[in-house]
Amino acid sequence: MTGVICASDPLALGAIRAARRRGLTVPTDVSVLGFDDSAFMNCTEPPLSTVRQPIEAMGRAAVDLLCAQIQGTQAHPGELLFEPELVVRGSTAPPSGT
């Protein structure tokens, strides 16, 4: 195994702790990636690589849809897609030997 992808940043911090308990170093032995870019993830040791969601755009779209529903106008008929952003920090690295 060269890396762990976690469903949240707090889970990623737990994965780093578990790796250290097994004598592994992050990112030399194993890379760890979180999700959400929670506050202070750039202040952890190592700084956590994560996937950032466009929270502001998602919230704005939700408000727009709700307002349209309240006003009785046509709401967006399909699903909305938002592009996440990979934030590379110190908890990820290429696999050893590459």
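The rules behind the values
Residues numbered from 1 in each chain as written. Predicted model: local features only at pLDDT ≥ 70, side-chain atom pairs only at ≥ 80, totals over all residues. Heavy atoms only, no water. Core = buried A, V, L, I, M, F, W, Y, C linked by side-chain atoms within 4.5 Å. Buried < 20%, exposed > 50% of the residue type's maximum accessible area, 1.4 Å probe, protein only. Helix = DSSP H or I, 4+ residues; strand = E, 2+ residues; numbered from the N terminus. Contact = heavy atoms within 4.5 Å. Pairing = 2+ DSSP bridges.

*Asks:* So, the nonpolar core: which residues are in play, and what are the values?
*Replies:* Side chains that are nonpolar tend, in soluble globular proteins, to be buried together. Counting residues in each nonpolar core, the largest one holds 10 residues, listed as Cys6, Ala12, Ala15, Ile16, Ala19, Val26, Val30, Val32, Met41 and Leu48. When residues of this core are assigned to their parent elements, the largest contribution, 4 residues, is made by helix α1 (residues 9–21). Those residues in contact with Ile16 that lie beyond four places of it in its chain are Val26, Val32, Pro46, Leu48 and Ser91.

*Asks:* Can you lay out the pairing of strand β3 (residues 49–52) for me, pointing to particular residues and giving the numbers?
*Replies:* The sheet contact formed by strand β2 (residues 31–35) and β3 spans 3 bridges and is parallel. From the neighbouring strand, Leu33 faces β3, where its bridge partner is Ser49. Two strands pair when backbone bridges link them, and β3 and strand β4 (residues 85–87) are joined in this way by 3 bridges, in the antiparallel orientation. In the strand pairing of β4, Val51 is matched with Leu86.

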